[in-house]
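# What the coordinates show
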Amino acid sequence: MITAGTLSGLAWKRFSRNRLAVFGLMTIALLALIALLAPVVSPSDPTAINVYKVLSPPSSTHLFGTDELGRDVLARMIWGSRISLKVGFVAVGIAISIGVLIGAAAGFYGGRVDSVLMRFVDVMLAFPTLFLILAVIAILEPSISTIMIIIGLTGWMNVARLVRAEFLTLKERDFIAAARAAGAADVRLIFRHILPNALAPVFVSATFGIAGAILTESGLSFLGLGVQPPDPSWGNILTAGKDNITVAWWLSVFPGIAILITVLSYNLVGEGLRDALDPRLWQDGKR
Amino acid sequence: MDMSFLDVQNLKKHYQARSGLGETKRFVKAVDGVSFSVKRDKVFALVGESGCGKSTVARLILKLIDPTGGRVLFKEQDITALKGDSLRAFRRSVQIVFQDPFASLNPRMRVIDTLGEPFIIHKLVPRKQIREHVVVLLEKVGLGPEALMKYPHEFSGGQRQRICIARALTVSPELIVADEPLSALDVSIQAQILNLFQQIRRDSGIALVFISHDLNVVRYLSDEVGVMYLGGIVELAGTEELFSAPKHPYTELLLSSVPKITTDRTADQSPRIFLTGVQADIPSPIDVPPGCPFHPRCQKRFELCDKDVPALKESGGRQVACHLYK
């Protein structure tokens, strides 16, 4: 028996024992802080061109060096982190909203509703996501909002499956029958009784999803289909780095490491959450 | 005769069993033609082994699941067809208490939210007064106001069952269906919860459908007993008549299996019936034996038993489904 504290308190206790996950969480917090405070912490204007300092190596004035137009790489990366953060959260936000609604409807109502919705999920999964994104961007204007929306629209299927599976087991539980006997309508059963108990795997999936979305955005920007210059993004700094890789290693290395650390951090947090929220590992035994 | 209160008529619930490609469809007859009635202010007990369909009957009475056939009349209204507002009105009249108090409370809702919810759904009291009403409810089931802000995992099994009973009482129901409310609890706690049920009945005269396999509890609590076997009722009688003189061989078997405590060694005790081998296990409800479903385990079977299904018939002030009684 646990004498005090809530279920989330219990999960936090388990999470905080995982050092790598805590490291990831702290890194993410730091990155988020930097992104929010970009106007304050950025050493210079990320779009200020200086033709006298083209491709100068890291120095005390330009910690991460400058790019092919003499712009400060550190400043561009700090402003670029805003893009990564925004893309990650907005795209995953869209994906979760769609996934939760479709998964909840499929799992709760079952039968024909379930069959139709899950076959739709199968169809969506059959699309090669990256090519779908490329096709849409070829038609629409490549912009940060287009990318976020498309990553969201193509990334909800996994969430829908997870939520459906949770709903299938939870709706048979006695406390749902009791709420139904108390007169609770479907909407109340779904959103107040089942969903709060079904969210643990969604949080885990969301964390991994953010990492994936950041990678996708970097990839698209690298290909020139994402954030358009002169606006900075980690992906399009890498593009410039590719052209000058023999003379300016700092253009590729620093944004590359930033992407690596960020994605790694989200994945570490995701794994930590997965372990912390797994009810089979709770000492309490019963929920 | 007074107006009937709860009337269960020829109730059936069949589930389709999973069958392979090309196999013929098979059905699990969880409940197959159950009829009984419950009088206002009385306790009706349903007894039987695990898997005989008792809990399915409970869920059918609550309209938590829809029957394959038959009707449930509550105050002469067929509840199997209820929808919308009339269904919501019915939900205020009949409540349920489940077996497992660990599974029947939402783990993410505090006690005040769980117990306050029926008030909100049925708009019984203004939101500001919900708290005081919940405190009154908790007091009724022997819990203090410190329980309000706690989550289910902070309580013991007995305390949780008290909360479940309080939830059933929120809407001031006329009937509570208790589906083995004691079997998940420790023996010492069972007595407390049993007394709580007695006290509630004394105070408010709520009718009770009490599902159990503990015959001592049933004898103590109920006015009438229905004995279920493989989805059907085999004997229906007043509690005292049934316990003093069981008629159906299955009832005899059940009663003989109850451990007796007596200080008098010479007291006349009916011999205990032991079943061995194939006889010992209850048959699967997919493969219900032909004729009387009880005949493979029956000590008194004769040639008619594996051919004809005995109907539930009036016999000396009670109803029995057995070829021995005409």
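A brief report on the enclosed structure follows. No experiment lies behind these values; they were computed from the predicted model shown.

Cut-offs used in this document
- Residues numbered from 1 in each chain as written.
- Chains lettered and ligands numbered in written order.
- Predicted model: local features only at pLDDT ≥ 70, side-chain atom pairs only at ≥ 80, totals over all residues.
- Helix = DSSP H or I, 4+ residues; strand = E, 2+ residues; numbered from the N terminus.
- Rg over C-alpha atoms; globule rule 2.2 N^0.38 Å.
- Buried ≥ 20, exposed ≤ 12 C-beta atoms within 10 Å, placed from the backbone.
- Axes fitted to C-alpha atoms, helices over the stretch in contact; angles between N-to-C directions.
- Parallel < 35°, antiparallel > 145°, perpendicular 65-115°, else oblique.
- Left-handed = near helix turned anticlockwise from the far one by under 90°.
- Contact = placed C-beta atoms within 7 Å.
- Pairing = 2+ DSSP bridges.
- Right-handed = clockwise from strand over helix to strand, strands pointing away.

## Considerations on the overall build of chain B
When its secondary structure is counted, chain B shows nine helices and 12 strands. Relative to its length of 326 residues, chain B is compact, with a C-alpha radius of gyration of 21 Å against a globular reference of 20 Å. Taken along its principal axes, the extent of the C-alpha atoms in chain B is 70 × 60 × 45 Å. Burial analysis of chain B (326 residues in total) assigns 42% to the buried set.

## Section: the packing of helix 5 (residues 157-169) of chain B against helix 6 (residues 187-204) of chain B
Residue and element names in this part refer to chain B. Between helix 5 and helix 6, whose axes approach to 10 Å, the crossing angle comes to 15°. The angle between helix 5 and helix 6 falls in the class roughly parallel. For the crossing formed where helix 5 meets helix 6, the hand is right-handed. In contact with G157, G158, Q161, R162 and I165 of helix 5, helix 6 contributes I189, Q192, I193 and L196.

## Digging into the pairing of strand 8 (residues 207-212) of chain B
All names here are of chain B. Of all six residues making up strand 8, six are buried, and the element is well covered by its neighbours. Residues A207, V209 and I211 line one face of strand 8 and the alternating positions L208, F210 and S212 line the opposite face, and both faces are buried. Bridge analysis of strand 3 (residues 43-47) against strand 8 gives five bridges, and the strand direction is parallel. Within strand 8, the position partnered with F44 by the bridge is V209. Sheet topology note: the strand 7 (residues 175-179)/strand 8 ladder contains five bridges and is parallel. Within strand 8, the position partnered with D179 by the bridge is I211. Considered for its hand, the β-α-β crossover made up of strand 7, helix 6 and strand 8 is right-handed.

## Overview of unusual backbone geometry
Backbone phi values are negative for most residues with the exception of glycine, while trans is the configuration of most peptide bonds. P230 of chain A follows P229 of chain A through a cis peptide bond whose omega is 10°. Locating P230 of chain A in the fold gives a position in the loop between helix 11 (200-222) and helix 12 (234-243). Residue K63 of chain B is not a glycine yet carries a positive backbone phi of 55°. With respect to the secondary-structure elements, K63 of chain B resides in the loop between helix 1 (54-61) and strand 4 (69-74). The buried category is assigned to K63 of chain B, around which 20 C-beta atoms lie within 10 Å. Positioned with a positive phi, K123 of chain B is a non-glycine residue whose angle comes to about 50°.

## Observations regarding the sheet that holds strand 2 (residues 26-38) of chain B
Residues and elements named next belong to chain B. The four strands lie next to each other as 2-1-4-5, forming an open sheet whose pairing is antiparallel. The two strands at the open ends of the sheet, each matched to only one other strand, are strand 2 and strand 5 (77-78). Pairing of strand 4 with strand 5 involves two bridges; the strand directions are antiparallel. What sits directly across from F74, in strand 5, is Q77.

None of the figures reported here should be taken as evidence of function without further support.
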